[in-house]
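Overview (structure and organization)
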Amino acid sequence: MARTSDSDRRKRGDEGGTGLNRREFFKAGAAAGVGAAALAAPAAMVAPTPAAAAEGWDYEVDVVIAGGGCAGITAAIRARDLGASVLVVDQNYDLGGRMLHSGSYLSLGGGDSVQKRDMAGEADAEGFITVPPAEEPAELDDSIDLLFTDVTDWSIVDRKGQSPYRYNERDMMRAWAENCPPTRDFLLANYVRMTRISGTHGGGGLSRARAPYCFLMLGDVTDIEAGTITPEDAGVADPERTSAMAPVQMEDATAFVGPGAVRNGVALSRPLEYAARKKGVQFILHRRFTDVIREEQVGGRAIGIKAVYSPRIHPESGQRLESLWQNGNVDDRRPEIRIRARKAVIMASGGHAGNPEMRGMFYPAMREPAFPTSGMALQGPGGQDASALIAGLKVGAGLSGMQQNLSYPTCYHIGTRLGTRDAYTDMYPGHPTFVFRGSTGIAVGNAGFEEFIAVNQVGKRFFDEVKLPRRPGGNRYPGDGGAPGQGLEHKPLDWRNCSAAWIKQMYNYDHGLDAAIAMNEGSKAPNYYCGSLWAIFDEDAVERTGWELRFPFVNWSNGYAFRADTVEELARSIFAGHPFARVPLSHLAQTVDTWNGYVDAGADPEFERHNSGPMHKIVRPPFYALSIMVIWHDSYGGLHVNGRNQVVDVHGQVIPGLYAGGEAVGGFNKHGLGKGHVHGFIAGTHAAREIG
Amino acid sequence: MKRPLTAALAATMVLYATGCAIAADGEALYAQHCAVCHTVDGAGFPPNIPALAGSQGLEDPFTLVANTHAGGAYMPPFPTLGAEEIAAIASYVRGAWGNGLSPVTTEEVAALMEEVADPDAPELRSIWDGVYTREQAARGQQMARAACGLCHGSRMNGVPDDNDMRPGPPLARAYFLRVWDGRTLGSFFTYSKWTMPQANPGFLPDEDYAAIVAYALSLTGAPAGSTPLPTSARELGYIMIGPKP
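Quick notes on the overall build of chain A
Helix and strand counts for chain A come out as 18 helices and 22 strands. Compactness check: chain A gives a C-alpha radius of gyration of 25 Å against a globular reference of 26 Å for 692 residues, within 12% of the reference. With the C-alpha coordinates aligned to their principal axes, the bounding extent of chain A is approximately 80 × 60 × 55 Å.

Overview of the overall build of chain B
Scanning chain B from N- to C-terminus turns up eleven helices and two strands. Along its sequence from the N terminus, chain B presents helices and strands in the succession α-α-α-α-α-β-α-α-α-α-α-α-β. The globule rule puts the C-alpha radius of gyration for 245 residues at 18 Å, and the 18 Å found for chain B is close to it. Taking all 245 residues of chain B together, 53% fall into the buried category. In chain B, the proportion of contacts linking residues at least 24 apart, taken out of those at least 6 apart, comes to 66%.

Regarding the domain arrangement of chain A
How big an interface is tends to be stated in terms of the accessible area lost upon association of its parts. All names here are of chain A. Its domain assignment divides chain A into domain 1 (6-100 + 273-351 + 386-408 + 633-689), domain 2 (215-262) and domain 3 (412-473 + 508-632). Using only C-alpha atoms to locate each centre, domain 2 and domain 3 end up separated by 34 Å. Contacts between the two partners involve nine residues from domain 2 and, on the opposite side, ten residues from domain 3. Taken together, the residues of the side of domain 2 that touches domain 3 sort by class into three nonpolar, four polar and two charged.

Here we look at the interface of chain A and chain B
Contacts between the two partners involve 34 residues from chain A and, on the opposite side, 31 residues from chain B. Residue composition of the side of chain A that touches chain B, grouped by class: 13 nonpolar, 17 polar and four charged.

Quick look at the sheet that holds strand E17 (residues 561-564) of chain A
All names here are of chain A. Spatial strand order, E15-E16-E18-E17: four strands in an open sheet with antiparallel pairing. Since the sheet does not close on itself, it has two edges, and those belong to strand E15 (453-455) and E17, each with one partner. Taken pair by pair, the neighbouring strands of this sheet meet at an average axis angle of 25 degrees, ignoring direction. Helix H16 (residues 567-577) contacts strand E16 (533-537), E17 and strand E18 (623-628) of the sheet and is inclined by roughly 150 degrees relative to E17.

With respect to helix H8 (residues 173-180) of chain B
Residue and element names in this part refer to chain B. Every buried residue of H8 is listed here: Tyr-175, Phe-176 and Trp-180. Along the axis of H8, the buried positions cluster into a sector of 110 degrees, meaning they face one direction only. Elements in contact with the buried residues of H8: helix H9 (185-195) and helix H10 (206-220).

As for the packing of helix H3 (residues 61-70) of chain B against helix H4 (residues 83-95) of chain B
Residues and elements named next belong to chain B. Contact geometry of H3 with H4 gives a least axis separation of 11 Å together with a crossing angle of 130 degrees. As the angle between them shows, H3 and H4 are arranged oblique. Here H3 and H4 pass one another in a crossing that is right-handed. Contact with H3, carried on its side by Pro-61, Leu-64, Val-65, Thr-68 and His-69, involves Ile-86, Ile-89 and Ala-90 of H4 and no other residues of that element.

Re the domain arrangement of chain B
All names here are of chain B. Domain parsing of chain B yields domain 1 (7-116) and domain 2 (125-240). Taken together, the contacts link 17 residues of domain 1 with 17 residues of domain 2. Among the elements that make up the side of domain 1 that touches domain 2, the one with the highest residue count is helix H2 (residues 22-38) (four residues). Considered class by class, the residues forming the side of domain 1 that touches domain 2 number 13 nonpolar, four polar and no charged.

Observations regarding the pairing of E18 of chain A
Residues and elements named next belong to chain A. When you tally the buried positions in E18, you get six out of six residues, the bulk of the element. With five bridges joining them, E16 and E18 adopt antiparallel strand pairing. Across the sheet, residue Phe-537 finds its bridge partner in E18, namely Tyr-624.

With respect to the packing of helix H3 (residues 70-81) of chain A against helix H18 (residues 673-689) of chain A
Residues and elements named next belong to chain A. Contact pair H3 / H18: the axes reach a minimum separation of 7 Å and the direction vectors enclose 30 degrees. With respect to the hand of their crossing, H3 and H18 are arranged in right-handed fashion. Of the residues in H18, those in contact with Cys-70, Ala-71, Gly-72, Thr-74, Ala-75, Ala-76, Arg-78 and Ala-79 of H3 are Leu-673, Gly-676, His-677, His-679, Gly-680, Phe-681, Ala-683, Gly-684, Thr-685, Ala-687 and Ala-688. For the contact of H3 with H18, the per-class residue count stands at ten nonpolar, eight polar and one charged.

Describing the environment of Pro-160 of chain B
Residues and elements named next belong to chain B. As for its placement among the helices and strands, Pro-160 is situated in the loop between helix H7 (149-152) and H8. The class for Pro-160 is buried, based on 23 C-beta atoms found within 10 Å. The sequence separation of Pro-160 and Val-40 amounts to 120 residues, and the corresponding C-alpha distance is 26 Å. Those residues in contact with Pro-160 that lie beyond four places of it in its chain are Leu-150, Cys-151, Gly-153, Met-165 and Pro-167.

Let's talk about the nonpolar core
Formed by 175 residues in total, the largest nonpolar core has its most connected members in Val-63, Val-345 and Ile-346 of chain A together with Val-213 of chain B. Counting residues per element, this core draws most heavily on H10 of chain B, which supplies ten residues. Excluding its chain neighbours within four sequence positions, the residues that come into contact with Val-63 of chain A are Ala-79, Ala-84, Val-86, Ala-341, Lys-343, Ala-344, Ile-346, Ala-687 and Ala-688 of chain A. Grouped together as the second largest cluster of nonpolar side chains are 64 residues, Ile-442, Leu-468, Leu-588 and Tyr-636 of chain A included.

Let's talk about unusual backbone geometry
Look at the link from Ala-525 of chain A to Pro-526 of chain A: it is a cis peptide, with omega at 5 degrees. Of note, the bond from Pro-46 of chain B into Pro-47 of chain B is cis; its omega dihedral lies within 30 degrees of zero at 0 degrees. Its place among the elements puts Pro-47 of chain B in the loop between H2 and H3. A positive phi angle, close to 70 degrees, is found at Ser-104 of chain A, a residue other than glycine. Following the sequence through the fold, Ser-104 of chain A ends up in the loop between strand E2 (86-89) and helix H4 (113-119).

Looking at the confidence of the model for chain B
Residue and element names in this part refer to chain B. Confidence in the prediction for chain B averages 88 pLDDT; 90% of positions are at 70 or higher. Confidence over residues 1-23 falls short of pLDDT 50; this stretch has 29 contacts with residues more than four positions distant or in other chains. Across the predicted assembly, pTM comes out at 0.88 and ipTM at 0.77.

Some words on the pairing of strand E10 (residues 336-347) of chain A
Residues and elements named next belong to chain A. Within E10, ten of the twelve residues are buried, which leaves the element mostly enclosed by the surrounding structure. Across seven bridges, strand E1 (residues 59-66) lies against E10 in parallel orientation. Looking at E10, one finds that Val-61 is bridged to Ala-341. Of the pairings in the sheet, the one linking strand E9 (residues 299-309) to E10 comprises five bridges and is antiparallel in character. Bridging across to E10, Gly-304 finds its partner in Arg-340. Sheet analysis places E10 next to strand E22 (residues 654-660), joined by three bridges and oriented parallel. Bridged to Ile-346 within E22 is Tyr-659.

Considerations on the confidence of the model for chain A
With 92% of its residues at a pLDDT of 70 or more, chain A has an overall mean of 91. Predicted confidence is poor over residues 1-42 of chain A, with pLDDT under 50, and the contacts of this stretch with residues over four places away or in other chains come to 68 contacts.

Quick look at the sheet that holds strand E5 (residues 251-252) of chain A
The mixed open sheet is built from four strands, whose spatial order is E4-E3-E6-E5 (chain A). Two strands bound the open sheet, and with one partner strand each, they are strand E4 (228-229) and E5 of chain A.

Considering the environment of Leu-468 of chain A
Residue and element names in this part refer to chain A. Within the fold, Leu-468 resides in the loop between E15 and helix H13 (500-506). Looking at Leu-468, the number of C-beta atoms within 10 Å reads 24, which means it is buried. The sequence separation of Leu-468 and Leu-513 amounts to 45 residues, and the corresponding C-alpha distance is 6.5 Å. Aside from chain neighbours lying at most four places away, what touches Leu-468 is Ile-414, Phe-449, Ala-454, Phe-463, Gly-512 and Ala-516.

A look at helix H9 (residues 266-278) of chain A
Residue and element names in this part refer to chain A. Between its first and last C-alpha, H9 extends 17 Å over 13 residues, near the 18 Å set by a 1.5 Å rise per residue. Within H9, 13 of the 13 residues are buried, leaving the element largely enclosed by the surrounding structure. Once H9 ends, the next one or two residues include Gly-280, with phi positive near 95 degrees.

Cut-offs applied
Residues numbered from 1 in each chain as written. Chains lettered and ligands numbered in written order. Predicted model: local features only at pLDDT ≥ 70, side-chain atom pairs only at ≥ 80, totals over all residues. Helix = DSSP H or I, 4+ residues; strand = E, 2+ residues; numbered from the N terminus. Rg over C-alpha atoms; globule rule 2.2 N^0.38 Å. Buried ≥ 20, exposed ≤ 12 C-beta atoms within 10 Å, placed from the backbone. Contact = placed C-beta atoms within 7 Å. Domains from an automatic or database assignment. Nonpolar A, V, L, I, M, F, W, Y, C, P; charged D, E, K, R; others polar. Pairing = 2+ DSSP bridges. Axes fitted to C-alpha atoms, helices over the stretch in contact; angles between N-to-C directions. Arc of directions from axis to C-beta. Parallel < 35°, antiparallel > 145°, perpendicular 65-115°, else oblique. Left-handed = near helix turned anticlockwise from the far one by under 90°. Core = buried A, V, L, I, M, F, W, Y, C linked by C-beta atoms within 7 Å. pLDDT = per-residue confidence, 0-100. Expected span 1.5 Å × (residues − 1).

Pasting the structure below:
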């Protein structure tokens, strides 16, 4: 799909008229294929005025948005709906960010229209939903005040004994709660279909049920407006293959919609992208946002951004990857461009989970670069690179919630998918970025950890393997297992919710992750990296478990899976072939011998593994090593914004014309999508209304 | 008893043979048979599964023995427990967690058991006796994908379909047989129905929960038969889980 066009060779500021000529525009539209917005609204002007060009701007629009994920695309459509011209830059080759690989569990609430629909027992407007509501009406009876109280409740704790809500920014949370119902309607109006509500997603409050999934119906054609997707596009036609449209295979949604429904982030991201392109939002992909430009370095309005070319090149073909749909794309390959924003800049380029140095600000052990963020292959090295945080710091932005990363079980955790660095998702061949992971990995769940020993970079065990992957549970009211919890009287803002007695009763964190990233014999100054982690097992384990050690699950040449006839040889091959190996696994052979002795004796004096599950000897060649990953997924610390999602500086003053949303923003401990979409909706609304 | 002696029950019997004190037996038996729902600390999962710590329902031994032996409105029966074992459990829960109630004797329990015995009680069976139908398992597969697959995986192997979710335990095959060995489908069904899915326990009809259990059995390798699994905890309480004979 690589195209060369006139725009490639366009010199800075030498072109009048539109940034996208008619010929190119229609070519892009035609290339979009079935289901794409073949007849988009006329694209808005993105070329600079002569005056702006004279000042060195390459493009000029009303609103420029850094990042095309859940916050960015929502903001783009919203600002476009209000009449602004909008240009989105994204570092990746395609849109959607991590929304595209998400589960689409979209927790809003406050009495939103899907809550009301399910309360009334009604179907969706198109009549796809044929199953009864999954929640009782009382559990859906929500209000903005209750939602606001829930997400700022000082008293709620999680099973790590930490409080997710008490540190949330109050002004931002009030605005978030107030904008949940209109955001729900906005998404529904942009081709997003929502299932029955079932429960609430982490960080979305505990008192009511607030989260449906997003779905499409399997059909003969992929047609976003009609709400259908082919099994091939949904990635469900072949168990070991996915598609360019769906990096992660879509999941069955029968129980929440009816037969034939599938759900995940594809049913959210692609409809929004479709709507944005149809409405004339323009995109520059392969373009990494680096700087906000203010009138002065730390003074005056935000008037634009700087962004650098960040092409995603297929390592084998040498071709640049191209987005699934292309209408509205502006192809610009200059090393650096400057985009003037007449009204506002919105930073929606994600968090810092993929930036080891920034992670180290929260947990020094997590400076270890061997450990990725989720969506590593999908997003590439520019994903979650802290670009908004860094750009904000350079122009004087304040920060919020910097300690909140330490309080949610999916912020960082041990992945239970072995043998791939990209251990968060199960992307298969068929998606253009599969090549960057090389294998899908073997997903073994927590239970699989009783089948092997886990060793560190020098080949030593460090924890009870059975407990190693366990994550603490989420936020809870006393005495109940799930949210919202039928029939229990929950009292928000009540001291009993965090009494020491209740915490002692429900605390369940094993600290396996912390043992995994602790220093060991191979850690060296100045960062004392812990190094990589390995699951070590033998052929008997393969027979016991039925693990299919073959492509696409395991790839013996991608540096994350090894096998050998002796344990010594296994240790050598890891040291020789793993990209993050720094020291030899000199203890591995002794560790396996010692372990086999423990199995014979029926007792593991080091970690008391015998109390947790069965122990198996490691004796029968070939011997195997699969990587175990720590994945830092979420970002809860970030830029300080007010209730309009305007960035606030270190003196408490709004930076005029500068907005931020989603994971770029701190002070909102909410996992998943609900934060990004509402932030995008708020930021898009106010950005479009700026006088400029 | 037709079923093979399971490891867990054998262990229990060893405890008796070595003459442990009644209170200790009660604690072990409670952990084996009761704690899956009422939890080791007696907290349960209220309001769906009541707490036993501080429960007034324990005051009358009749209720305790009747529920345990013959099953209650929602509770499965425990037909493999004899008077001595029920007395040990009853004594344990009446005394534990500061409940402060006196022990119950084996004779007392035996008399009550006779009183509440269910004349229509089904025969004790095992999951290996062809206790579900293929159609039921197919229905269960369809329902489990969305409702259970999120955390337990649509193959029920403990590998979440949804990458955001914390992995749940496997609900089939060797791990399932090991963890549920010596318990009944009644306990498995009751626990699942009243605590799962975590975000919204009990939202499916009983028929669907039973179908999901059938699906788990099919994955485990238990043979299908000609009659479907019953859909009540009381009847499911007469089907034992254990290793393949």
